[in-house]
Amino acid sequence: MRHILTTILLSFILLSCKGVVDFPVEDSGKLYVNALMTDQGNCRIQVMQSHPVLGRNPVPLELQDIILTADGSPVELTVNMEQTYDTLISFETGYRFKAGQELALKAEAAGIPEIRAEVTMPESIPEVEIRKSEIESIKDTDGKDLVDVFHPSL
């Protein structure tokens, strides 16, 4: 009987409490950039806008400006319409970046703080060819040879 009264009393105390937690929700979202830059002349840049979980419905991204420079000189970007949506804009360029070039990107959208990124183009990594004759074995814990599983083309 004592446990029942304790349980009822605790339930009454816990259920009668009311707490309101306010936390700020950014209404404008943020800009994000996903960029793939190579020395092969196939650079792709995607600019997207995040949206708060508890905020308004996604609105189309109104990109005001995007500037890509290589060693201070502007690089021409073209919009890839096949990969552009309301909240994502995709760009491409055929510019061939060189190792050691200083790349800078700036993007601005309506009502969202601008973003900037800078990077130095790294050296190319030479392609490595792996031949099956060079791999002695890849075995799992049961001793089964896994060369054909990991490298079926070898």
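In this report, we go over the structure that sits alongside the text. What you see is a predicted model; the values in this text were computed from it and never measured.

Spatial ordering of the open sheet is given by β4-β3-β7-β8, a layout of 4 strands whose pairing is antiparallel. Both edges of this open sheet fall to β4 (73–75) and β8 (112–120), since each of them pairs with a single strand only. Strand after strand, the sheet turns through a mean of 25° between neighbouring axes, direction not considered. Bridge count between strand β3 (residues 63–70) and strand β7 (residues 102–109): 7 bridges; the pairing is antiparallel. Its bridge partner lying in β7, L68 is registered against L105.

Let us now look at the sheet that holds strand β6 (residues 88–93). Strand order in this open sheet of 4 strands is β1-β2-β6-β5, and the pairing throughout is antiparallel. Each edge of the sheet is formed by a strand with only one pairing partner; in this case those strands are β1 (31–36) and β5 (78–79). Note: strand β2 (residues 43–49) against β6, 6 bridges, orientation antiparallel. From the neighbouring strand, Q46 faces β6, where its bridge partner is S90.

A word on the side chain of N80. By secondary structure assignment, the location of N80 is in the loop between β5 and β6. A distance of 2.8 Å separates a polar atom in the side chain of N80 from a polar atom in the side chain of E92. Setting aside its immediate chain neighbours within four residues, N80 contacts S90, F91 and E92.

If you look at the biggest cluster of nonpolar residues, it comprises 19 residues, and the most contacted ones within it are L31, I45, V47, I66, L68, F91 and F97. Taken together, the elements giving at least two residues each to this core come down to β2, β3, β6 and β7. Tallying contributions element by element places β7 first for this core, with 4 residues. Setting aside residues no more than four positions away along its own chain, F91 makes contact with C43, R44, I45, V47, L63, I66, L77, T78, V79 and N80.

Rules used in this analysis
- Residues numbered from 1 in each chain as written.
- Predicted model: local features only at pLDDT ≥ 70, side-chain atom pairs only at ≥ 80, totals over all residues.
- Heavy atoms only, no water.
- Pairing = 2+ DSSP bridges.
- Helix = DSSP H or I, 4+ residues; strand = E, 2+ residues; numbered from the N terminus.
- Axes fitted to C-alpha atoms, helices over the stretch in contact; angles between N-to-C directions.
- Polar contact = N/O pair within 3.5 Å; in protein donor to acceptor, adjacent residues only side chain to side chain.
- Contact = heavy atoms within 4.5 Å.
- Core = buried A, V, L, I, M, F, W, Y, C linked by side-chain atoms within 4.5 Å.
- Buried < 20%, exposed > 50% of the residue type's maximum accessible area, 1.4 Å probe, protein only.

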